[in-house]
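Now for the letters of each chain:
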Amino acid sequence: MACKPSEKKAAKRLVAIGDRRLFLMKKPSTLSKAVIKMIHFYDLKRLDCMSSECVTIRYWTPKGEKEVEIRGADVSHIVQHIVRQYNEITPGFSSTVRMKGNLSPMGIDLREDSGVAVEGVAPMHRVYVAQCAYFKEPVSREFAHFLEDTITSGNRELNFCECPGIGQKTPIAFDMRPVIASLRHTPQFRALVLANLNSKEVVAHMANILRHNTALSRVVLSRMETSKAFVLLGDLIAANKAHAIQSITLSGSKIPNDGIDALANALELFSHALTELNLSQCQLSGARADALVWAFERNFGMSLSIEVLDLSHNNFELSGSQALERWLHNAKEHSRLRSLNLSHSNVNMTALCRSLRSLAHLQYLDISHNKVDLGAAKLLGVAIEASSTLRSLRVAGCGLTLENLQSITFEALTNRRLERVDLDVSHNCVGAKDMAMVAAALRKSTNLRMISLAGLKLKPDAFLVLLKALRKVETLEVLVLDGAYNNAREGRVGAAIAGVLECVPGIEALGLRGGYK
């Protein structure tokens, strides 16, 4: 459809509507030579009409906003087509970014759910195709099929790790800009997952999405290269006051200090609950850990709702440990924390263990490969004794001596309020002479579901003492003894293992890998 623009110098031009584009053409020329301007509907800013035969179109250009006025008897029909196609490619777009205007003299409503809009929400792959046209990039058939299959299956998680061509220099690789643009406003997905991508632009792309999206509740951005774009990520999350993010996983990503600061600032501004935060292996130092915990303390409404917290494989040092202890102490029984992973984090356990007793909902605790001295072990034993929720305790590689180990395992194995407990005490300093005491604690167990004694490197006699005690643990389902015994030929050991399996028929998994020389 076409009509004449009102400007005198454009009196011999036509206006036409193509596929999500507005064309201004010279009237007598062929189409290939006639187009003097092409406006994609994503660049439209306002439509205003003074009468049923006149509309002013304001649009964006790299040099700023411009406008054109169109007059003619068919103007209302052209506007209807513009509005219909615009609504098809902007499902879920917020009012802050949607085209605005006043078309009441034509009886047309700009709202997405107006009568001229296509019934229902346009599929997201249609938005992706429109964004490809906007960026002048070819549509990736692989991504389009992946997107359509994901939507058709009812999956609300878009996992880019499963998408062919993502982050690869192959013939099927595709430009990410249309993809990111199509995800900025879509209500289609609740989770986005990106991992192991070497492109430093990926973090900036994710930030672009989170600046606008109000439907995503879970974001996974794992094992990314060091990038200053993490600062942008934090800043744009903070700028989006209506975001719905409740779970953030950045594990394995090399986040610079200012990136951690930006994330902490974003968390401080959360207006709703955060249920999961995973910053494992993110190069978190003591000072940065302190900044993160400071955000927790400044926004208790957000931090008290955290159920899963993984800060493993970082370097807390004393300052970070004290900050974490302070937050946990102030949170007390109000915290919803169910899972806490601080393994390999150089945490001062004496400072931390003082606050563990108050965590009324804690089910999973991993403090492996942090130094646990006698004082910390006794405090941890007190916390275990008071718990009625603990299900898994991992203290592998904590340098536990027999006395320290007894303080922990005895309470875990004899607390009758605990059910189906998983206990990992592997790679500690328990020797053959200590095994009788460990065996005595095991015989008293009423709740042990899994135990890992890997890496203890026991000689046959001590190993037999252990196996004899395990025959009494009727609740056992998983037994891990990898590297726990001398693998020299010893017929008694094989018979003793068979005896354990016979006496405890509930064992479903047995680990005997390795050994030592």
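You'll find the structure just up there.
Bear in mind that the values here come from a model prediction, so they are computed numbers and not experimental data. (Residues numbered from 1 in each chain as written. Predicted model: local features only at pLDDT ≥ 70, side-chain atom pairs only at ≥ 80, totals over all residues. Heavy atoms only, no water.)

This next bit is on the overall build of the protein chain. The secondary structure content of the protein chain amounts to 17 helices and 21 strands. Against the compact-globule benchmark of 24 Å for 517 residues, the protein chain has a radius of gyration of 31 Å, which places it well outside the compact range. With the principal axes as the frame, the protein chain shows a C-alpha extent of 100 × 45 × 35 Å. When the 517 residues of the protein chain are sorted by exposure, 52% land in the buried category. In the protein chain, 74% of the contacts between residues at least 6 apart in sequence involve partners at least 24 apart. (Helix = DSSP H or I, 4+ residues; strand = E, 2+ residues; numbered from the N terminus. Rg over C-alpha atoms; globule rule 2.2 N^0.38 Å. Buried < 20%, exposed > 50% of the residue type's maximum accessible area, 1.4 Å probe, protein only. Contact = heavy atoms within 4.5 Å.)

Counting 127 residues, the largest nonpolar core has F160, L221, L233, L250, L267, F463 and L470 as the members making the most contacts within it. With 7 residues, helix α16 (residues 460-470) is the largest single contributor of residues to this core. The contacts of F463, once residues within four sequence positions are left out, are L458, L481, A484, Y485, V493 and I497. If you look at the next biggest cluster of nonpolar residues, it comprises 30 residues, including V55, V75, I82 and M106. (Core = buried A, V, L, I, M, F, W, Y, C linked by side-chain atoms within 4.5 Å.)

Evaluated as defined, the whole model comprises 9 aromatic pairs. Between the aromatic rings of Y42 and F93, the centroid separation amounts to 6.2 Å while the plane-to-plane angle is 5°, which identifies the pairing as stacked. On the criterion of sequence distance, the pair formed by Y42 in the loop between β4 (35-40) and β5 (44-51) and F93 in the loop between α2 (75-88) and β8 (100-102) is long-range, its members being 51 residues apart. The exposure class assigned to F93 is buried, which follows from its relative accessible area of 13%. Judged by centre distance (4.8 Å) and plane angle (50°), the rings of F296 and W327 are tilted. Note that F296 is positioned in helix α9 (residues 286-298) and W327 in helix α11 (residues 317-331), a separation of 31 residues in sequence. (Phe/Tyr/Trp six-rings, centres within 6.5 Å; stacked < 30°, edge-to-face > 60°.)

Packing of helix α8 (residues 257-268) against α9 leaves a shortest axis separation of 8 Å and a crossing angle of 5°. Our classification of the angle between α8 and α9 gives roughly parallel. Counting all contacts with α8, which are made through N257, I260, D261, A264, L267 and E268, the residues of α9 involved are R288, A291, L292, A295, F296 and R298. A per-class count over the contact of α8 with α9 returns 7 nonpolar, 1 polar and 4 charged. (Axes fitted to C-alpha atoms, helices over the stretch in contact; angles between N-to-C directions. Parallel < 35°, antiparallel > 145°, perpendicular 65-115°, else oblique. Nonpolar A, V, L, I, M, F, W, Y, C, P; charged D, E, K, R; others polar.)

Once that is clear, we can look at unusual backbone geometry. Not every positive phi belongs to a glycine, and H427 is a case in point at roughly 55°. Looking at the element boundaries, H427 is found in the loop between β18 (421-424) and α15 (435-443). Residue H427 is classed as partly exposed on the basis of its relative accessible area, which comes to 47%. Although it is not a glycine, K457 adopts a positive phi angle of roughly 55°. As for its placement among the helices and strands, K457 is situated in the loop between β19 (448-452) and α16.

What follows is about the pairing of β5. Across 6 bridges, β5 lies against strand β6 (residues 54-61) in antiparallel orientation. What sits directly across from L44, in β6, is Y59. Between β5 and β6, which pair antiparallel and follow one another directly, the connecting turn spans 2 residues. Strand direction decides the pairing type here: β5 and β8, joined by 3 bridges, are parallel. Bridge pairing in β8 links R46 to K100. (Pairing = 2+ DSSP bridges.)

Among the secondary structure elements, S253 is positioned in the loop between β12 (247-249) and α8. A relative accessible area of 0% means that S253 is categorised as buried. Reaching out from S253, the side chain makes a polar contact with the backbone nitrogen of M224 at a distance of 3.1 Å. (Polar contact = N/O pair within 3.5 Å; in protein donor to acceptor, adjacent residues only side chain to side chain.)

Two packed helices can be described by the angle between their axes and the distance between those axes. Between helix α14 (residues 402-414) and α15, the least distance of the axes is 9 Å, while the angle of their chain directions is 10°. Comparing their axes, α15 and α14 come out roughly parallel. Counted together, L402, L405, Q406 and L413 of α14 and M437, V438, A441 and L442 of α15 form the full contact between these two elements. Here the contact of α14 with α15 is composed, by residue class, of 7 nonpolar, 1 polar and no charged.

If you walk through the whole model with that rule in mind, you get 18 salt bridges. A salt bridge links R20 to E88; the nearest nitrogen and oxygen atoms lie 3.8 Å apart. Of this pair, R20 sits in the loop between β2 (13-17) and β3 (21-26) while E88 sits in helix α2, placing them 68 residues apart in sequence. The same class applies to R20 as to E88, namely buried. Its salt-bridge partner being R449, residue D422 comes within 2.8 Å of it at the nearest N-O pair. (Salt bridge = Lys/Arg side-chain N within 4 Å of Asp/Glu carboxyl O.)

The subject of this paragraph is α8. Counted at 1.5 Å a residue, the expected span for α8 with its 12 residues is 16 Å, and the 17 Å between its end C-alpha atoms agrees. By the burial criterion, the buried members of α8 are G259, I260, A262, L263, A264, A266 and L267. In this fold, the buried residues of α8 make contact with α7 (229-239), β12, β13 (276-278), α9 and α10 (300-303). (Expected span 1.5 Å × (residues − 1).)

A separate point is the sheet that holds β5. Across the sheet, 4 strands lie side by side as β7-β6-β5-β8; this open sheet has mixed pairing. Both edges of this open sheet fall to β7 (64-71) and β8, since each of them pairs with a single strand only. Taken over all neighbouring pairs, the strand axes of this sheet differ in orientation by 15° on average, direction set aside.

A grouping of R443, K468, R471 and K472 is seen on the molecular surface, where their side chains present a positively charged patch. Locating K472 in the fold gives a position in the loop between α16 and β20 (478-480). (Patch = residues over 30% accessible without salt bridge, like charges linked within 9 Å, V, L, I, M, F, W, Y side chains within 5 Å. Areas by Shrake-Rupley, 256 points an atom, 1.4 Å probe, with all protein chains shown as cover. Lys, Arg positive; Asp, Glu negative; His and termini not counted. Charge placed at Lys NZ, Arg CZ, Asp CG, Glu CD.)

On to the pairing of β6, then. Among the 8 residues of β6, 6 are classified as buried, and the element is accordingly described as predominantly covered. With 8 bridges connecting them, β6 and β7 associate as antiparallel partners. Among the inter-strand pairings, T56 is bridged to a residue of β7, identified as E69.

In this section: the environment of A264. Secondary-structure assignment places A264 in helix α8. A residue is classified by how much of its surface remains accessible, and A264, at 5% relative accessible area, is buried. On a C-alpha basis, the gap between A264 and V438 in space is 44 Å, while along the polypeptide they are 174 residues apart.

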